[in-house]
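# Coordinate analysis (summary)
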Amino acid sequence: MSRHRNIRNLDEDDYYDDDYYDDDEYYDEDEYYLEQQREQERKKKEEAERKAKENKLKQQKLQQQKLQQQKLKQQQLDDAKKKAAGGKGGGGISVASAAPKSGGNGTSLGKPPPGFTVESKKNDTATKNNNAQNMPIPQLPPNILASLRSNSTTGEVIRSHLSLVILGHVDAGKSTLTGRLLLSLNHVSQRLLQKYQKAATSIGKSSFALAWFTDEDDSERERGVTIDIGTKFAKTEKFDFTILDAPGHKDFIPNMISGTASADCGLLVVAATTGEFEAGFARGGDASYSGGQTREHIVLSRGLGVTQFVVAVNKLDAAEPAWCQERFEHIKSMVLDFLKQNGFKEARITFIPVSGLTGVNISNSDKVEDEDGWKALKKWYKGPTLLEALDGFSSAKRGYEKPLRAIVTDVSSEGKHVNVRGRVVQGFIQSGDNVVVLPVGDDANVVRVERGKAQEGSSPYSFASPSPTTSSSTSNETQLDGIALAGDTVELTLANIDSARLMTGCVICHPQPSLRPKVEQRFEARISIMERLAVPIIRGSSVLLHMHSIDVPAVLNKLVSSEKRGDGKPRQNPRVLTGGVTATVEITLSERLVIEESNECKALGRFVLRRGGDTIAVGLIDKVLS
């Protein structure tokens, strides 16, 4: 029946007439399924070609290894022949004469010399494979290792390096405080500050000039909001710091996670002005509002491995009344209670009243703009300045003697070489090393290694070798030329690798198979569910997994057990996970990643789970599943 007939002539039965819709022009199911089949076949063909190419490359590598082994074996046999011949004045029994000779009855007419044996090729290859599997972990030179372990206070030790992440609610003054800190340490010049003040005033943001030292992107300066992690280097009396200025806006939590995952310690900035502290520390009344970012930053930082904090109560000069001790103590009690609830030890937390804008209580040597404010603060505050509090941090424990793990955070090509920025999380790397990049598995050679260091009178973002006159520990720092240690932020130049094969999140490690991390898609983990969970977690829930500088889709394919915090009674195979519980789960990733158990490598074993723009859990990998 034609589809163009007059609709007014249709009766009720025509609406259910199968013939009426029987028109090939409307929809051809056979053609649709044929197209789907062709697409699947095309994908299978491409996958088969890719695997064939990979197998071909593997075969070529195996063939090259086999030829090298044969050459080595032949060289050993030649050396043995010369040794056997020389042992008896040129007339001794050689390998050839040691072979059985047929005397009509197949009896051997000669024997090898005493102590000389010819092993089979099979046993020789197996021995070499075992040696490759049992390759020892490369070790630092003894003089460097001794300097790292020394407790001397004479300046004859290698300075300890810490990564410091700046956290807090949006508009708490994090970037301004960071800029003031760099200015106090003489890592930026007054001339540059005057330039920024003039430019900021021209767009109506004169109070943002200090923040421009870290907020270098034009969009960040126009909006007055930190979007990406700003990385700077600073040197205090005790430590070399890598400063990571994290965004405070809820929309940029993934960037905050990336920076916090690289941190050893934190500077939590809390605004003291009326209303700002309450907004940043709000708990959240319902599922539509998850609360201020101060709480979420604290929970995320603890889950990602930060264990010590300096809490800067900022903008106390703008409180009512200014530099009010009662306001400081009120904020301190509320924040301290929440930090302790999330596993922080009170002994590792220091509270400091400051003003990032005027410079009050940043450093004793500063000439602050608000002398009256400094005097008002000193009437009741007798504690340390911000710089003194930062030097009160404990040194981080580093895995210098563990296998190399360096996480890539940025990639750029330069001629035939590739420049890579990242962080060494354990082990060490030096110029001339042969390395492998995972998960792609490509080999590379390290041509150049530069550690990120702050230098007085230069840009705080500097990858350069130390100047001969920059510090009293120059003689020891020069030992590290061309070497980067665990905890260092580095810039590497790699050769013999295509830049297209490198990307953010890749892991650089030793080429020996026994020293590499695992590249897998499934693992078992312990997770801690956030208190305010809008939608419960069930088996099969889809999430976005964040780990160091990458994020990938994942599925919770099995709920193994759960336990209410403080209850101590685990429940096996729960049907649902609600807010405030800890659980053991199995997670399957959408692709294979470089992962390890958290007790082996913390950076590759800690993660955050998010869903619908909200953080729902933080976790630790217990077991990698193949």
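Residues numbered from 1 in each chain as written. Predicted model: local features only at pLDDT ≥ 70, side-chain atom pairs only at ≥ 80, totals over all residues. Heavy atoms only, no water.

### With respect to the pattern of salt bridges
Evaluation of the coordinates by the stated rule reveals 16 salt bridges. The residue E491 makes a salt bridge to R421 at a minimum N-O spacing of 3.0 Å. In this pair, E491 sits in strand β13 (residues 489-495) while R421 sits in strand β8 (residues 417-426), placing the two residues 70 residues apart along the sequence. With relative accessibility at 25%, the residue R421 sits in the partly exposed group. (Salt bridge = Lys/Arg side-chain N within 4 Å of Asp/Glu carboxyl O. Helix = DSSP H or I, 4+ residues; strand = E, 2+ residues; numbered from the N terminus. Buried < 20%, exposed > 50% of the residue type's maximum accessible area, 1.4 Å probe, protein only.)

### Overview of the environment of S333
Tracing the sequence through the fold places S333 in helix α11 (residues 325-341). In this structure S333 comes out as partly exposed when scored by relative accessible area, which is 35%. Engagement of the side chain of S333 in a polar contact is seen with the backbone oxygen of H330, the distance being 2.8 Å. (Polar contact = N/O pair within 3.5 Å; in protein donor to acceptor, adjacent residues only side chain to side chain.)

### Quick notes on the pairing of strand β15 (residues 518-529)
Summarising the sheet, β15 and strand β21 (residues 581-595) pair through 10 bridges and their orientation is antiparallel. Each bridged residue has a counterpart across the sheet, and for F523 the counterpart in β21 is I587. Bridge count between β15 and strand β23 (residues 614-625): eight bridges; the pairing is antiparallel. Residue pairing in the sheet places I527 in a bridge with G619 of β23. (Pairing = 2+ DSSP bridges.)

### Comments concerning the sheet that holds β13
If you walk around this closed barrel you meet the six strands as β7-β8-β13-β11-β10-β14, and the pairing is antiparallel. Sheet twist, expressed as the mean angle between neighbouring strand axes with direction ignored, is 45 degrees. As judged from the nine bridges shared by strand β7 (residues 405-414) and β8, these two strands associate in the antiparallel manner. Each residue of the ladder has a partner; that of S413, found in β8, is V418. (Axes fitted to C-alpha atoms, helices over the stretch in contact; angles between N-to-C directions.)

### A short note on the side chain of R606
Note on placement: R606 falls in strand β22 (residues 606-611). One buried charged residue, R606, forms no salt bridge at all, with the nearest opposite charge on D264 at 9.9 Å. One polar contact links the side chain of R606 to the main-chain carbonyl oxygen of G303, over a distance of 3.0 Å. (Lys, Arg positive; Asp, Glu negative; His and termini not counted.)

### A few points about the packing of aromatic side chains
One pass over the structure, following the stated rule, counts nine aromatic pairs. Three or more aromatic residues joined by ring pairs form one cluster here, namely Y196, W212 and F213. Sitting over the face of the ring of Y196, R221 holds its NZ or CZ atom 4.9 Å from the ring centroid. Directly above the aromatic system of F281 lies the positively charged group of R295, at a separation of 4.3 Å from the ring centroid. (Phe/Tyr/Trp six-rings, centres within 6.5 Å; stacked < 30°, edge-to-face > 60°. Lys NZ or Arg CZ within 6 Å of the ring centre and 35° of its normal.)

### A short note on a positive patch on the surface
A contiguous patch of positive charge, built from K345, R348, K397, K402 and K602, is present on the exposed surface. Within the secondary structure, R348 is located in the loop between α11 and β6 (349-353). Taking relative accessible area as the criterion, R348 reaches 38% and is therefore assigned partly exposed. (Patch = residues over 30% accessible without salt bridge, like charges linked within 9 Å, V, L, I, M, F, W, Y side chains within 5 Å. Areas by Shrake-Rupley, 256 points an atom, 1.4 Å probe, with all protein chains shown as cover. Charge placed at Lys NZ, Arg CZ, Asp CG, Glu CD.)

### Focus on the sheet that holds strand β4 (residues 265-271)
Ordered in space as β2-β3-β1-β4-β5-β6, the six strands form an open sheet in which the pairing is mixed. Pairing within the sheet leaves two strands with one partner each, and these edge strands are β2 (230-235) and β6. Between one strand and the next, the sheet's axes are offset by a mean angle of 20 degrees, whatever the strand orientation.

### Some thoughts on the confidence of the model for the chain
On average, residues of the chain carry a pLDDT of 81, and 78% of them reach 70 or more. Note that residues 458-462 has pLDDT below 50 and, in this model, 16 contacts with residues that lie over four places away or in other chains. Counting interchain partners and residues more than four positions distant, the pLDDT-below-50 stretch residues 464-475 has 18 contacts. (pLDDT = per-residue confidence, 0-100. Contact = heavy atoms within 4.5 Å.)

### Details of a negative patch on the surface
The grouping of D217, D218, E222 and D228 at the surface amounts to a negative patch. Along the polypeptide, D217 turns up in the loop between α6 (190-202) and α7 (218-223).

### Overview of the environment of K416
As for its placement among the helices and strands, K416 is situated in the loop between β7 and β8. Among the residues examined, K416 registers a relative accessible area of 79% and is labelled exposed. Sequence-wise, K416 and N496 are 80 residues apart; in three dimensions their C-alpha atoms are separated by 8.1 Å.

### Quick word on helix α5 (residues 174-184)
An α-helical segment advances 3.6 residues per turn. Residues three or four places apart therefore align on the same side. Among the 11 residues of α5, 11 are classified as buried, and the element is accordingly described as predominantly covered. Among all positions of α5, only K174, S175, T176, L177, T178, G179, R180, L181, L182, L183 and S184 are buried. Positive backbone phi, approximately 65 degrees, marks N186, located one or two places after α5.

### What to know about the environment of H249
Summarising the element assignment, H249 is placed in the loop between β3 (239-245) and α8 (253-260). Given the relative accessible area of 26%, H249 is considered partly exposed. For the pair H249 and V170, spaced 79 residues apart in the sequence, the C-alpha separation amounts to 5.1 Å. Once residues lying within four places of it in the same chain are set aside, the contact partners of H249 are V170 and V225. A distance of 3.0 Å separates the side chain of H249 from the backbone nitrogen of D251, its partner in a polar contact.

### Section: the packing of α8 against helix α10 (residues 293-303)
In contact at an axis separation of 10 Å, α8 and α10 are set at 40 degrees when each is read in the N-to-C sense. Where α8 crosses over α10, the handedness of that crossing is right-handed. Along its contact with α8, which presents I253, M256, I257 and T260, the element α10 presents Q293, E296, H297, L300 and S301. Per-class residue counts for the contact of α8 with α10 are four nonpolar, four polar and one charged. (Left-handed = near helix turned anticlockwise from the far one by under 90°. Nonpolar A, V, L, I, M, F, W, Y, C, P; charged D, E, K, R; others polar.)

### Some remarks on the side chain of H297
Looking at where H297 falls in the secondary structure, it is placed in helix α10. Apart from residues lying up to four places away in sequence, H297 is in contact with L167, G168, P247, G248, I253 and M256.

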